[in-house]
Each structure stands twice: as structure tokens, then as C-alpha cells.
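What follows is the residue order along each chain.
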Amino acid sequence: MQQRLTEPGVLDMFLWDTSEEDRKRLRGLFADQFSIPLSPDGDRMAAEAVQHPDLWVLKPQREGGGNNYFGQEMVRKLRSLEGKEERGAYVLMERLAPPSTPNYLISPRTNTDRLELSATVQEVGVFGFYIASGDDVSYDVSRGYLVRSKSAHMEDGGVTAGR
């Protein structure tokens, strides 16, 4: 779904009553994502990621955090997928660079007698679903959200990964 919303015109279908200026601002909030099937376009994007591994994340096409590939691990995975249909089960996403915030990380394993200020980033996960057939919307439901902080040095671990 995230990838689909980054395609030209798709987000606009849901924001038809919003000004062009607001739609442009909203489109700017999405990270670029690209399919990488066995095709000239897929080959070009895979080569771009291998050449600039710090700019991309290789993600399996599934919901939830985790199982992503970064940096040289991503390069090795892409090379292992060369010429294989399995490559089409992944997408390349522009790597995010959120600002870090000083914070204390506390978990059930934390010794609260020795708290240390850490560089953290914050994540927000929104849970809901939307089911439609053409213009006939059956469900458009929001069921909540999750906000959490994690170490700024942690590459993987989405809001639902539990890390």
C-alpha cells in the first residue's frame, strides 16, 4: 500500500477535496519506493541500490517491521537475487533519515538504577483498514496507533517488531 501511494496520481484519488498545495505537501512526506522485478527498470533500480547502498532499504513486500536489508547486507542480498524471480518479492525504499532526540530508553530489561541518555528516533504506526471496489467503499476504519522511541543506531525494527 505504501508503495502504491507514492505512484503519481494515486494519493490524489483519496484527496480530491484537498488543495493542490496541500496534496503536494502530503506527497512530499512519502519515501520513494520501487518494485524491482526482473526487467530493465528493475535491473536499473537494483544497480542504483548496489551503487548507493546508504540511500536505500531493501524490504520484503509484507506488512510489519523487520526483515529489511541495509548497507552492505542489502548489496549481498541483491547480488544473491540477480536473475531470480524472487527479486520481485522485494521493494527498494528511499532510506529515511529522521532527526534524533535525546531520550531515556526503558524496557523490562532496563536497570533503572543506571539510566543513560541516548540518541533516539520516534516511530508512529497507524492501524486500520480500507476495503473498496471502485467507488463503492465497504470499510474505512481506523483502529488506533502506536508511538514509540528506539535507539537512533538501530537500523531495523518497525513499530510492531517488538525491538
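For clarity, every value in this text was computed on a predicted model and none was experimentally measured.

**Notes on the overall build of the protein**
Point 1. What the protein contains, in helices and strands, is five helices and seven strands.
Point 2. Reading the protein from its N end, one meets helices and strands in the order α-α-α-β-α-β-β-α-β-β-β-β.
Point 3. Sequence separation of at least 24 residues holds for 52% of the intrachain contacts in the protein that already meet a minimum separation of 6.
Point 4. If you sum the accessible surface of the protein, you get close to 11500 Å²; carbon and sulfur atoms cover 51% of it.
Point 5. Separation of charge centres in the protein, based on 20 positive and 25 negative side chains, amounts to 6 Å.

**Overview of the packing of helix 4 (residues 40-51) against helix 5 (residues 71-80)**
Geometrically, a packed helix pair is captured by the angle between its two axes and the distance between the axes.
Point 1. Two elements in contact, helix 4 and helix 5, have axes whose closest approach is 9 Å; the angle formed by their N-to-C orientations is 150°. Regarding the angle of helix 4 to helix 5, the classification is roughly antiparallel. Remark: the crossing between helix 4 and helix 5 carries left-handed chirality. Counting all contacts with helix 4, which are made through Ala46, Ala49 and Val50, the residues of helix 5 involved are Met74, Val75, Leu78 and Arg79.
Point 2. A breakdown of the residues in the contact of helix 4 with helix 5 according to their chemical character gives six nonpolar, no polar and one charged.

**Some points on the pattern of salt bridges**
Point 1. A complete count under the given rule lists nine salt bridges for this structure.
Point 2. Linking Glu21 and Arg25 is a salt bridge whose minimum nitrogen-to-oxygen distance equals 3.8 Å. Taken as a pair, Glu21 and Arg25 lie in helix 3 (residues 20-27) at a separation of four residues, close to a single helical turn.
Point 3. Between Asp43 and Arg87 there is a salt bridge, and its shortest N-O distance comes to 2.7 Å. Highlighted residues: Asp43 in helix 4 and Arg87 in the loop between helix 5 and strand 4 (90-94), separated in sequence by 44 residues.

**A look at the side chain of Arg23**
Point 1. Counting through the fold element by element, Arg23 comes out in helix 3.
Point 2. Excluding residues within four positions of it along the chain, Arg23 makes contact with Asp12, Leu15, Trp16 and Thr18.

**Side note on the pairing of strand 4**
Point 1. For strand 4, the tally of buried residues reaches four of five residues, placing the bulk of the element in the interior.
Point 2. Direction of pairing for strand 1 (residues 33-35) relative to strand 4: antiparallel, over a ladder of three bridges. Bridging from a neighbouring strand, Ser35 pairs with Val91 of strand 4.
Point 3. When strand 2 (residues 56-60) meets strand 4, the two strands line up antiparallel, connected through five bridges. By the bridge assignment for strand 4, Leu58 is matched with Leu92.

**Examining the nonpolar core**
Point 1. The biggest cluster of nonpolar side chains holds 11 residues, and these are Ile36, Met45, Ala46, Ala49, Trp56, Leu58, Met74, Leu78, Leu81, Tyr90 and Leu92.
Point 2. At the level of secondary structure, the elements contributing two or more residues to this core comprise helix 4, strand 2, helix 5 and strand 4.
Point 3. Looking at which element gives the most residues to this core, the answer is helix 4, with three residues.
Point 4. If we ignore the near neighbours within four places in the chain, the residues touching Ala46 are Ile36, Leu78, Arg87 and Leu92.

The rules behind each value
Residues numbered from 1 in each chain as written. Predicted model: local features only at pLDDT ≥ 70, side-chain atom pairs only at ≥ 80, totals over all residues. Heavy atoms only, no water. Helix = DSSP H or I, 4+ residues; strand = E, 2+ residues; numbered from the N terminus. Contact = heavy atoms within 4.5 Å. Areas by Shrake-Rupley, 256 points an atom, 1.4 Å probe, with all protein chains shown as cover. Lys, Arg positive; Asp, Glu negative; His and termini not counted. Charge placed at Lys NZ, Arg CZ, Asp CG, Glu CD. Axes fitted to C-alpha atoms, helices over the stretch in contact; angles between N-to-C directions. Parallel < 35°, antiparallel > 145°, perpendicular 65-115°, else oblique. Left-handed = near helix turned anticlockwise from the far one by under 90°. Nonpolar A, V, L, I, M, F, W, Y, C, P; charged D, E, K, R; others polar. Salt bridge = Lys/Arg side-chain N within 4 Å of Asp/Glu carboxyl O. Buried < 20%, exposed > 50% of the residue type's maximum accessible area, 1.4 Å probe, protein only. Pairing = 2+ DSSP bridges. Core = buried A, V, L, I, M, F, W, Y, C linked by side-chain atoms within 4.5 Å.

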